[in-house]
Amino acid sequence: MPLKGQSVGFIGGGVMAEALISGLIKSELITAENIFVSDPDTERLMLLKEKNGVNTVENNIELVKSASILIMAVKPQVIDEVLSEIKAHINKNHWVITFAAGITTGHIENHLGEIPVVRVMTNTACLVSAGASALACGSYAAAEHAEICQEIFKSVGKVVTVKEELLDAVTGLSGSGPAYMYVIMEALIDAGVRVGLPRKIATELTVQTMLGAARMVMETGRHPGRLKDMVTTPGGTTAAGMYELEDGGLRVTLMNAVMAATEQSKRISERLK
Ligand SMILES: NC(=O)c1ccc[n+]([C@@H]2O[C@H](COP(=O)([O-])OP(=O)(O)OC[C@H]3O[C@@H](n4cnc5c(N)ncnc54)[C@H](OP(=O)(O)O)[C@@H]3O)[C@@H](O)[C@H]2O)c1
């Protein structure tokens, strides 16, 4: 069941919804006339309509009447209010994609009944079509639902499939990961300034180095450790820098960050149950 020809409804027209709408239209997976959006902010709706040509509807009930694939693009705190509002209007053609942090497929099934639900943990880089997303199926979702959800999130980056119990780990790694990378980049830029580079130049070099390293891993398919060894000559400059990274505990600090974020994600999920 491909996405083409289906109707997609975004409940919430915020930052993530806009990124997905623009990715979907650019990738020609679906036309704007098959996309519907609801949001309490009418100015926001007008903007989305002007920019992307999508249909905007007055409320979430109208949205459920217009679309079969319902994308929950609201903050986790408003999910229950939305589910109670739409429950009576759900029929067997509907299914749900949710990417609200901490909201499980079981939570949505408990509210809406035996409905296919696919849950996604994505990240902010969707905004520049370089998102890292992981999806997990609920009890009633079939392969075709997962396939469509993959198509949607591929339009804004990479997608993998995992068991739902691993989504907290995904949150700890790639969900929170952009912030870790920003801090590493900021530190490198400051370091460049410390050794005498103008900030603008230090920033350009740092960002390109980060991007280049990511592309080297992706495009060569080589293990990062091997790529690191290839540029670390005996007694050289990189070896001197690497020693300091090890001495400062960079690896264990990053591991601790991912573990702490994973545990925090589990705690938040528990609270939202
Ligand atoms: N942004 C990210 O990088 C990112 C990454 C991963 C996951 N997520 C998840 O994606 C979801 C959306 O995030 P976002 O950044 O797009 O948030 P956002 O920009 O705040 O968008 C949410 C939109 O939903 C609207 N809304 C509020 N109550 C509503 C209701 N009852 N019915 C319909 N719409 C309603 C909000 O309107 P008002 O502003 O007027 O309240 C807002 O326009 C969240 O659950 C978040 O956890 C976001």
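Structural data are supplied above this passage.
A short tour of the structure in this document, coming up. Because the structure is predicted, anything quoted here is derived from the model rather than measured.

Definitions and cut-offs
Residue numbers restart at each chain and count upward from 1, following the sequence in its written direction. Since the coordinates come from a predicted model, pLDDT governs what is reported: local features require at least 70, and pairs of side-chain atoms require 80 or more to be given and counted, while whole-chain, interface and lining totals use all residues. Note: side-chain values were computed over all heavy atoms of the structure, leaving out hydrogens and water. Just to be clear on terms, a salt bridge is a Lys or Arg side-chain nitrogen sitting within 4 Å of an Asp or Glu carboxyl oxygen. Here a strand is any run of E in DSSP of at least two residues, a helix any run of H or I of at least four, and the numbering for each starts at the N terminus. Buried residues of nine kinds, namely Ala, Val, Leu, Ile, Met, Phe, Trp, Tyr and Cys, make up a nonpolar core once their side-chain atoms join them within 4.5 Å. Each residue gets one of three labels from its accessible area relative to the maximum for its type: buried under 20%, exposed over 50%, partly exposed in between, using a 1.4 Å probe on protein chains only. Throughout, a residue-residue contact means that at least one pair of heavy atoms, one from each residue, lies within 4.5 Å. Like-charged residues within 9 Å of one another, or nonpolar side chains (Val, Leu, Ile, Met, Phe, Trp, Tyr) within 5 Å, are grouped into patches, provided each residue has over 30% relative accessible area and no salt bridge. Surface accessibility follows the Shrake-Rupley procedure with a 1.4 Å probe radius. Residue values consider only the protein chains on display as shielding.

### Brief notes about the pattern of salt bridges
Argument step 1. Summed over the entire model, instances satisfying the criterion amount to 9 salt bridges.
Argument step 2. Glu164 is paired through a salt bridge with Arg119; the nearest N and O atoms lie 2.9 Å apart. Here Glu164 is found in the loop between strand 8 (157-161) and helix 7 (167-175), whereas its partner Arg119 is found in strand 6 (residues 117-121), with 45 residues between them in sequence.
Argument step 3. Here Lys266 ties to Glu263 by a salt bridge, and the two come within 3.4 Å at their closest N and O atoms. Residue Lys266 and its partner Glu263 are both found in helix 12 (residues 250-272); the two are separated by 3 residues, about one turn of the helix.

### Considerations on the nonpolar core
Argument step 1. Judged by nonpolar contacts, the single largest core of 35 residues is most densely connected at Leu3, Phe10, Ile97, Ile152 and Phe153.
Argument step 2. Among the elements of the structure, strand 1 (8-11), helix 1 (15-26), strand 2 (35-38), helix 2 (42-52), strand 4 (69-72), strand 5 (95-98), strand 6 and helix 6 (143-154) are those that each provide at least two residues to this core.
Argument step 3. Apart from the residues within four sequence positions on either side, Phe10 is in contact with Ala17, Leu20, Ile21, Leu24, Ile35, Phe36, Val37, Ser38, Leu63, Ile71 and Ala73.
Argument step 4. Listed in part, the 21 residues of the second largest apolar core include Leu70, Ile79, Val82 and Ile86.

### Topic: a nonpolar patch on the surface
Argument step 1. The grouping of Val195, Leu197, Ile201 and Leu205 at the surface amounts to a nonpolar patch, some 370 Å² of accessible area in total.
Argument step 2. Within the secondary structure, Ile201 is located in helix 9 (residues 199-220).

### Details of unusual backbone geometry
Argument step 1. Despite not being glycine, Glu28 has its phi angle at roughly 60°, a positive value.
Argument step 2. By secondary structure assignment, the location of Glu28 is in the loop between helix 1 and strand 2.
Argument step 3. Assessed through its relative accessible area of 61%, Glu28 is described here as exposed.
Argument step 4. Although it is not a glycine, Ser129 sits at a positive phi angle of roughly 55°.
Argument step 5. Within the secondary structure, Ser129 is located in the loop between strand 6 and strand 7 (131-137).
Argument step 6. Exposure remark for Ser129: the relative accessible area of 43% places this residue in the partly exposed category.

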